[in-house]
Amino acid sequence: MSSPKQLDEIFNFSDTSEACIKCGKCIPVCTIHQVNPDETTSPRGFIDLLGAYQRGDLELDKNAKDIFESCFLCTNCVDVCPNSLPTDMVIEEVRADIADKYGIAWFKRAFFFLLRHRWVMDLVMKLGFMFKTCALSVDEKGRGLKARFALPMVKKGRLLPSLAKTSFLNSHPEEIPAPIQEKKNPRVAIFIGCLANYNYTDIGESLVEILKQLNIDVFIPKKQLCCGAPAYFTGDSDSVEYMTKKNIKYFESFMDECDAMLIPEATCSAMVKHDWQVFFANHDMPEWEARAKKVAEKIHMATAWLYNNTDLVKLLEEKGKKFDDVVTYHDPCHARKVQGIWKEPRNLLAPNYPLQEMSDPNRCCGFGGVTMQTEKFHLAEAAGKPKAAMIKDTKAKYVSAECSACRVQLSEAMNNADVETIFKNPLELIAEALK
């Protein structure tokens, strides 16, 4: 345990706490308050406590640590706040202080080490695929893997993501030319995200297939690292700085030759397009903030770019496939609330699939990051239950969202509630319609 920060070293939380007008609009929509109705664990409570921490009136003890680690970072509060106060950002900053004072659990440090070193992660995941049946069984609905017995931080029967034999990045050449070479084909890069790279590889395969159908050259940058979101949400600033700087340097080497970089993951996209700049601004690195801003100009969530910049809707209509399988759409927090993306994926699905909205598609599913999925999994479970019930009520065959973190959480929630619905990324459904 390290010594606490001096008051003049603490992040300026007062800007946020003093701007809070205590109107309470954030409380009904707060994910943690919905499952733990306590004023302390609400956005208004978090902000008030952070002001007290900066003034020296609150010690960052284990009780405060427990409170600040209970936030899901869903940004619901930011979305409804009259002053758009960045509650998620200040929680992320205090978690860095918590990590400095108390350290980071060994299994999280090991995980972040793997995210920083792609070749080691490749090796570990390959070994995991080879020996997965020793501790895991395949879910009969094809949703993932179930723990055969209690593992560290994982109870027996919990549903975990599938493991691919070969990662997406290692399954393709770096350059995939469009089928018809014209004078100037559009060229896009793919940033795949860790879960889509190692666990849900059909997402990347589907995106490549869609781009082929649109006659677009594909570039798969092989040296890309994790976007840094898991470390950022946990407070591991060193890992965030390492991965963001490595990625920015790498992206700068090819971005001018690409029309766009597509990311089929809401959290990764929000991290690269928005949070990188916030991180560098908060940590007084203006040069890197400017470089992150420049890179962000070509970063797009995949469905948004495909809808706004290609003839994909026309192509889907021409294919004319009409499926009877009902789809309900869940809005990932980092898509709708952070990036304003929610109509585009629906509009791409509508030509081929009947859509049935659930009662509250914008409600957070409760993934909440690494800490919420380990030490505080009981809170994630509680947040997932109402979402599983909403999905069940739609009687949809598929629930779709452009976010693999939501896939992990919703698949587990549906498994626990005996819901038959299967999760599919919208790109998987779109690629099926193009076959």
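An account of the accompanying structure is given in this report. (Residues numbered from 1 in each chain as written. Predicted model: local features only at pLDDT ≥ 70, side-chain atom pairs only at ≥ 80, totals over all residues. Heavy atoms only, no water.)

### Some thoughts on the overall build of the protein
The helix and strand inventory of the protein stands at 22 helices and 11 strands. Expected size for 435 residues packed as a compact globule is a radius of gyration near 22 Å; at 21 Å, the protein falls within 12% of this value. Dimensions of the protein, computed from C-alpha atoms along their principal axes, come out at roughly 65 × 50 × 45 Å. When each of the 435 residues of the protein is scored for burial, the buried share is 59%. Long-range contacts, defined here as pairs at least 24 residues apart, represent 76% of the contacts in the protein between residues at least 6 apart. On the protein, roughly 18600 Å² of surface is accessible, and the fraction owed to carbon and sulfur atoms is 52%. (Helix = DSSP H or I, 4+ residues; strand = E, 2+ residues; numbered from the N terminus. Rg over C-alpha atoms; globule rule 2.2 N^0.38 Å. Buried < 20%, exposed > 50% of the residue type's maximum accessible area, 1.4 Å probe, protein only. Contact = heavy atoms within 4.5 Å. Areas by Shrake-Rupley, 256 points an atom, 1.4 Å probe, with all protein chains shown as cover.)

### Brief notes about the nonpolar core
Core analysis: the largest hydrophobic core is formed by 79 residues, its most contacted members being Phe 13, Phe 68, Phe 251, Phe 254 and Met 261. Discounting chain neighbours no more than four positions away, the residues touching Phe 251 are Phe 191, Met 261, Trp 276 and Val 295. (Core = buried A, V, L, I, M, F, W, Y, C linked by side-chain atoms within 4.5 Å.)

### As for the sheet that holds strand 4 (residues 175-176)
The mixed open sheet is built from five strands, whose spatial order is 4-6-5-7-8. Two strands bound the open sheet, and with one partner strand each, they are strand 4 and strand 8 (299-301). Two elements, strand 7 (residues 260-263) and strand 8, share three bridges in a ladder whose sense is parallel. Along strand 8, the bridge assignment pairs Ile 263 with Met 301. (Pairing = 2+ DSSP bridges.)

### Considering the environment of Cys 403
Tracing the backbone through its elements, the reader meets Cys 403 in the loop between strand 10 (398-400) and helix 21 (404-416). Separated by 149 residues in sequence, Cys 403 and Phe 254 have C-alpha atoms that sit 26 Å apart. Setting aside residues up to four positions removed in sequence, Cys 403 forms contacts with Glu 265, Ala 266, Thr 267, Pro 332, Phe 423 and Asn 425.

### A few points about the environment of Lys 22
Residue placement: Lys 22 occurs in the loop between helix 1 (14-19) and helix 2 (31-35). When the C-alpha positions of Lys 22 and Lys 392 are compared, they lie 36 Å apart, and in sequence the two are 370 residues distant. Contact partners of Lys 22, with chain neighbours within four places excluded, come to Ser 17, Arg 44 and Asp 48.

### As for the pairing of strand 7
Neither face of strand 7 is left uncovered, since the one carrying Ala 260 and Leu 262 and the one carrying Met 261 and Ile 263 both have all their residues buried. Sheet topology note: the strand 5 (residues 187-190)/strand 7 ladder contains three bridges and is parallel. Paired with Ala 189 across the two strands is Met 261, which belongs to strand 7.

### Re the packing of aromatic side chains
Applying the stated criterion across every chain, the model contains 16 aromatic pairs. Considering the side-chain rings of Phe 219 and Phe 254, the 5.0 Å spacing of their centres and the 65° angle between planes classify their relative orientation as edge-to-face. With Phe 219 in strand 6 (residues 217-219) and Phe 254 in the loop between helix 12 (237-252) and strand 7, the pair connects residues that are 35 residues apart, well separated along the chain. Residue Phe 219 shares its accessibility class with Phe 254, and that shared class is buried. In this arrangement the basic side chain of Arg 116 is found over the ring face of Tyr 242, its NZ or CZ atom lying 4.4 Å from the centre. (Phe/Tyr/Trp six-rings, centres within 6.5 Å; stacked < 30°, edge-to-face > 60°. Lys NZ or Arg CZ within 6 Å of the ring centre and 35° of its normal.)

### Quick word on helix 22 (residues 426-434)
Within helix 22, eight of the nine residues are buried, leaving the element largely enclosed by the surrounding structure. Residues Pro 426, Leu 427, Glu 428, Leu 429, Ile 430, Ala 431, Ala 433 and Leu 434 constitute the buried set of helix 22. Of the residues flanking the start of helix 22, the one acting as N-cap is Asn 425, its side-chain oxygen 2.9 Å from the backbone nitrogen of Leu 427. (Polar contact = N/O pair within 3.5 Å; in protein donor to acceptor, adjacent residues only side chain to side chain.)

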